[in-house]
Structures are given as structure tokens and as C-alpha cells.
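# Descriptive structure summary
Next come the chains, spelled out residue by residue.
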Amino acid sequence: MDYSNHRVIVVNDRSTDRTADILKDFSLRYPKLQVTTINTLPEGWLGKNNALYQGYMSTTEEWVLFADADIVFHPDAINKAVGYAVKQQLDHLTILPELISRSAILNSVFATLSIMLMVDMKPWEAKNPKSKASSGIGAFNLVRRTAYEKFGTHRRIKLRPDDDLQLGRIMKREGFRQDVLAGKGAVCLEWYKSLGELGRGVQKNSFSIANYNLAQAIFNVIHMLLTVALPMPLMFIFGDTTIRIMAGIMLVFHMIYMVIVPPNKWWYAFMIPFSAFFLAWCFLKASVVTVARGGIYWRDSFYSLKVLKGEE
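Now for a look at the structure at hand.

So, how was this worked out
- Residues numbered from 1 in each chain as written.
- Predicted model: local features only at pLDDT ≥ 70, side-chain atom pairs only at ≥ 80, totals over all residues.
- Heavy atoms only, no water.
- Pairing = 2+ DSSP bridges.
- Helix = DSSP H or I, 4+ residues; strand = E, 2+ residues; numbered from the N terminus.
- Core = buried A, V, L, I, M, F, W, Y, C linked by side-chain atoms within 4.5 Å.
- Buried < 20%, exposed > 50% of the residue type's maximum accessible area, 1.4 Å probe, protein only.
- Contact = heavy atoms within 4.5 Å.
- Arc of directions from axis to C-beta.

Spatially, β4-β9-β6 is the arrangement adopted by the 3 strands of the open sheet, whose pairing is mixed. Where the open sheet ends on each side, the last strands, each with one partner, are β4 (71-73) and β6 (98-99).

In C-alpha cells form, the structure reads like this:
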């Protein structure tokens, strides 16, 4: 890390493997590494949110970066990010990570998911105080301490599985200065290793995006199908010549987009319908399973929908 004035705080949240031993060895070799150990989870908290909050409690610095443990940073990424945040007088800076995977199929799904997120979140509008667009990503949430404390810290979102999105959304809504940068080559993440892992991963937090409202979740799925998954297949299969030519033009534009946005491959354009169907299925399954179970499992702990909604 090319940043002399820093501390790295690793929160060891009830790990049962050799994490504690590894961190002890690291702390002896790296004096700027501090380990915060959590042995019990307080009532009314999700484990990750409590870990982030405890990490904050171990700091006194003005700038705090919340980041997942599996993020790979370029040596000068944090230095440049803090410099940018200070220069722009920001309260919150998010960096969209470069998603990497050894699976070509999974990369094609990530490409479609990225397009959907860009259209939904409009990260280029996050810095506009007149826009409702906001952004928050667990890979990189850099916050000014004073703003974070005025926001209410993670205590305000202690039961939100989508804590990163909520952090960005609420800070923007309450008037804090926010911006988003692309992290290609600077902030990288191997999010999941297979489609199965991705499907299981979204089960714990995708329903929260719909605020635990099944009707809203179903609407979101139908919207995904109608706007992303179905248009091109239906146009090619059932359309007349003119409609098929239009579909072909759409496909060409998708291919051009994939080519000019590396590391995407041109053939990812053909995977857009499949990817959207897969993601729609994952989101619908997550919502139905959560309702059927009456809650979610997170790190072997069960949280009922009533608790997640703040009803008890």
C-alpha cells in the first residue's frame, strides 16, 4: 500500500478455522495491522454489519474504508481514492470493483448483471445533489468519519443484508456528498467461482432489495424478464422481417458494447437473455424461499422476517 498514514483493521468474526493464528502471525510482521476479534454476536445484529461497526469502533481516523476481506487492491488504489475524496470534498466514495472469474460463463453473467446495475443505479448521477441516484458497494465504501457518525453508523442498518446499498442510499438522501469511480485494475474481486455459488450467494440479500415485499420482488423479476431476458428472443422467433432486423441491430450494438468494455468478450452479447433468466430465477427463488422459511440464514444464525423488518 503506497500510503504511509494508515492502519489496517481486520475483524475476525467468530472464525472456526486457522484465521486467528494467521492474523496473529501477520500482526507480528506488519505493525500497522490491528486485529479486532468478535466472540459473540450481539442480539439484533447481522454478523457482517456488527463486524463493520466494531471495526469502526477501533478507529479514530477521519477517513474509514469498509471493504470485504477478499478484495485485491492495486498498491496506490487507496492513496488515489483518499486524495480524490479530499480534493472533491466528498463524504462518501464508492469504487465499483472489477469482477474477475476463471469461468467464462460466469463472466458473461457478470457482464449482464453489470449492465442491469448501471441502468438501475445510474452511478454517474451519484455526485449530482439533485439526483436520487446513489451507490454503495461492499468492496469499497470510503466514508468521512464525521458524516458516517451523523448518518448513524451501522447501528442504523444493523439488520440490513444489503447494508452497503443502504449506506449509500441513506447518505445520499440525507444530503452527504457522494461519488462513484470505476475500479478496473485498481480494485478487483473474485466474487463467486460458479453459477451455483452465485445463486446461493444472492439468497441471503436479494429479497431485502425489495424491502421484503413479495409483490415488489415479483414485479422486479417480471420487469427483468420483460426488459432484458425476453425482447431479443421473442423478436427473433415471432417477429416479421422488419422486427428481426431490429433485433439483429440490437444484438450488434450489444456486441459492440461488450467489445469496448473489457474484459468482456463479444459473445457475451448472446448470453444476455440466458443471464437475465438465470438472475431472475435466483431472485425469485430467494424471495419465495425467504417467505417460506420466514427469514434468512446468515453464518448459521436465523433471522426472522419480523426481526428483519423491525417488527419485533
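Ranked by size, the top nonpolar core spans 19 residues in total, and within it A81, A85, L93, F140 and L142 carry the most contacts. Elements with a contribution of two residues or more to this core: α3 (77-87), β5 (92-96) and β9 (187-189). Top contributing element to this core by residue count: α3, with 4 residues. In this view, L142 contacts W63, V64, L65, A81, V82, A85, D91, H92 and L93; residues no more than four positions away in its chain are not counted. Within the second largest apolar cluster, 15 residues are counted, among which are V64, F151, M171 and F176.

Now for unusual backbone geometry. A cis amide bond links P262 to the next residue, P263, at an omega of 5°. In this structure, P263 sits in the loop between α11 (241-260) and α12 (272-293). Here the phi dihedral of T153 falls at roughly 55°; this positive angle occurs in a residue that is not glycine. A positive phi angle is found at N211, which is not glycine, with a value near 55°. Turning to its location among the elements, N211 is positioned in the loop between α8 (206-209) and α9 (214-229).

Here we come to helix α7 (residues 195-202). Along an α-helix, a turn takes 3.6 residues, which lines up residues three or four apart on a common side. Of the positions making up α7, those classed as buried are L198, G199, G201 and V202. For α7, the buried positions fall inside an angular range of 165° around the axis, keeping them on one side. Those residues of α7 that are buried lie in contact with α4 (104-121), α8 and α12.

Keep in mind these numbers describe shape, not what the thing actually does.
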